[in-house]
Amino acid sequence: MRIIKFPFITIINNHALAYPTPINIHYAWNFGFLALICLTIQILTGIFLAMHYTPHVNLAFTSVEHIMRNVNFGWLLRYIHANGASMFFIVVYIHIFRGLYFGSYTKPKQWVWVIGVIIFLLMIITAFIGYVLPWGQMSLWGATVITNLVSAIPKIGVHIVTWLWGGFSVDNATLNRFFSLHYLLPFIIVAASLIHLILLHQDGSNNPLGIESTNDKINLYPYFIIKDFLGLTLFFILFAFFIYFYPNVLGHSDNYIEANPMVTPTHIVPEWYFLPFYAILRSIPHKLGGVVAMLLSILILALLPWIHSTEIRSSRFRPLYRLFYWFLISGCLLLGWIGGMPVEDPYILIGQILSGFYFFYFLFLLPCLGKIEMYLLKF
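Residues numbered from 1 in each chain as written. Predicted model: local features only at pLDDT ≥ 70, side-chain atom pairs only at ≥ 80, totals over all residues. Heavy atoms only, no water.

Could you give an account of the side chain of Arg78, naming the residues involved and the relevant values?
Along the chain, Arg78 falls in helix 4 (residues 74–102). The side chain of Arg78 is buried and forms no salt bridge, while Glu65, the nearest opposite charge, is found at 4.9 Å. In contact with Arg78, not counting residues within four places along its chain, are Leu49, Val64, Met68, Pro134 and Tyr256. (Helix = DSSP H or I, 4+ residues; strand = E, 2+ residues; numbered from the N terminus. Buried < 20%, exposed > 50% of the residue type's maximum accessible area, 1.4 Å probe, protein only. Lys, Arg positive; Asp, Glu negative; His and termini not counted. Salt bridge = Lys/Arg side-chain N within 4 Å of Asp/Glu carboxyl O. Contact = heavy atoms within 4.5 Å.)

Next up, the structure:
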């Protein structure tokens, strides 16, 4: 009897069940799976929220309150979506720093890393325009400040800002187009994530030792699927803790005040996951220079496969690099703290020092440390 094979089932089996996985990977490799779960949660909750949301400056804030108070379990949908964005960024930041620690960006996986950086950039744009939609005070003024950064582009910047706004200020046209883009971009992220996975499975996953191995592998199912679901259970416990006990702790209280273009908040700050980049932006006392530095702080990650200067991937065998890696982690956390502080001394000076170290790490330490370590190994 002839057995009928279904291509879709074969693909699922090859890439989700029988996929050969390095036997020594540990829980740090869970976060790619968790990122996919977060993306799914954001899309599903976003679709249901969009059914009750009205993208109009006179109705947006009221429609959000209607979701919270009148829609069955609307409060739960909104809290899952709002806190889900924070959880998504936590997972992705850990995923990125794990890649930095174990050298996951090196050849032949350089394009996997580059697509990952593109996904991260799309996430930032999607999260920013999503923060505008509740139309609270921080939504309006955050959108005004961030979109105004484009005006730093010589000659054409002011015209681009007017085009972005659809008028001469952040208003109804801006809110409408931001809502449309916020609905569209997650599906582009899904497409980019599929490309990310395809490229990853083409050459195989990295491992803590940073060495290529074709023999020391086992099937993804059931061994690592069990580990993924244990990590998912712990993640859901943390997620539920924020949703049910501290649903607003990661947001800003001013966003519960309806947007008023006549009243400027005392201290305009973006969401917490943007604060390190915001600190880099503010550290340079020149508008265009600050914007360029902020963009470079993200785009420089895509250059890591070509900046890397040693055949040794994993930090386990690079004690000098490992030391500076933890300095980088500390610097990024401190930049997040500085981004939430007022623009005054000593925060300005601390932010400038930390921003300088961030670029020094990627442009000087990363290329040179490999050569220094290889030189020291000879003795």
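Account for the domain arrangement of the protein chain, naming residues and giving values.
On domain assignment, one finds that the protein chain holds domain 1 (25–203 + 217–264) and domain 2 (269–373). Look at where the C-alpha atoms of domain 1 and domain 2 centre, and you get two points 22 Å apart. Listed per partner, the contact involves 38 residues of domain 1 and 32 residues of domain 2. The junction of domain 1 with domain 2 conceals about 3200 Å² of combined surface from both sides, 73% of it contributed by carbon and sulfur atoms. Linking domain 1 to domain 2 there are 8 residue pairs in polar contact (both at pLDDT 80 or more). Put simply, the parts of the chain that give the side of domain 1 that touches domain 2 at least two residues each are helix 4, helix 5 (110–132) and helix 6 (137–148). (Domains from an automatic or database assignment. Buried area = accessible area lost by both parts, 1.4 Å probe. Polar contact = N/O pair within 3.5 Å; in protein donor to acceptor, adjacent residues only side chain to side chain.)

Residues and numbers for the UniProt feature "binding site: a ubiquinone" (unreviewed entry) in the protein chain, please.
According to UniProt, the feature "binding site: a ubiquinone" (unreviewed entry) maps to His201 in the numbering used here. Counting through the fold element by element, His201 comes out in helix 8 (residues 172–203). Under the relative-accessibility criterion, His201 is labelled buried at 18%. (UniProt positions renumbered as here; feature names shortened; annotations may be inferred.)

If you had to explain a nonpolar patch on the surface to someone new, which residues and values would you point to?
A grouping of Phe73, Trp75, Phe241, Tyr244, Phe245, Tyr246 and Val249 is seen on the molecular surface, where their side chains present a nonpolar patch of about 810 Å² in accessible area. Inspection of the secondary structure puts Tyr246 in the loop between helix 9 (223–245) and helix 10 (275–283). (Patch = residues over 30% accessible without salt bridge, like charges linked within 9 Å, V, L, I, M, F, W, Y side chains within 5 Å. Areas by Shrake-Rupley, 256 points an atom, 1.4 Å probe, with all protein chains shown as cover.)

Pulling in residues and values, what's your account of helix 11 (residues 287–299)?
With 13 residues, helix 11 should reach 18 Å at 1.5 Å per residue; the first-to-last C-alpha distance of 19 Å fits that figure. Inspection of helix 11 places Gly290, Val291, Ala293, Met294, Ser297 and Ile298 among the buried residues, and these make up the whole buried set. One face of helix 11 carries all of its buried residues, which in axial projection span an arc of 160°. (Expected span 1.5 Å × (residues − 1). Arc of directions from axis to C-beta.)

Could you give an account of the environment of Ser86, naming the residues involved and the relevant values?
Among the structural elements, Ser86 can be located in helix 4. For Ser86, a relative accessible area of 1% corresponds to the buried category. Each C-alpha atom, one on Ser86 and one on Cys38, is 9.8 Å from the other, the two residues being 48 residues apart in sequence. Once you skip the residues sitting within four places of it in the chain, Ser86 turns out to touch Leu250, Trp272 and Tyr273.

Tell me about the environment of Pro346, and name the residues and values.
Within the element layout of this structure, Pro346 appears in the loop between helix 13 (319–339) and helix 14 (347–377). Residues Pro346 and Leu304, 42 residues apart in the sequence, show an inter-C-alpha distance of 32 Å.

Any details on the state of the cysteines? Residues and values, ideally.
Applying the stated rule across the entire model yields 0 disulfides. Looking at the unpaired Cys368, the closest cysteine sulfur is the one in Cys332, lying at 19 Å. (Disulfide = S-S within 2.5 Å.)

Describe the packing of helix 10 against helix 11, and please don't skip the residues or the numbers.
What describes two packed helices is the angle between their axes and the distance between those same axes. At their nearest, the axes of helix 10 and helix 11 sit 7 Å apart, and the two run at 145° to each other. Crossing of helix 10 against helix 11: the hand is right-handed. Contacts between helix 10 and helix 11 involve Phe277, Ile280 and Leu281 from the first element and Gly290, Val291, Ala293, Met294, Ser297 and Ile298 from the second. Looking at the contact of helix 10 with helix 11, its residues break down into 7 nonpolar, 2 polar and no charged. (Axes fitted to C-alpha atoms, helices over the stretch in contact; angles between N-to-C directions. Left-handed = near helix turned anticlockwise from the far one by under 90°. Nonpolar A, V, L, I, M, F, W, Y, C, P; charged D, E, K, R; others polar.)

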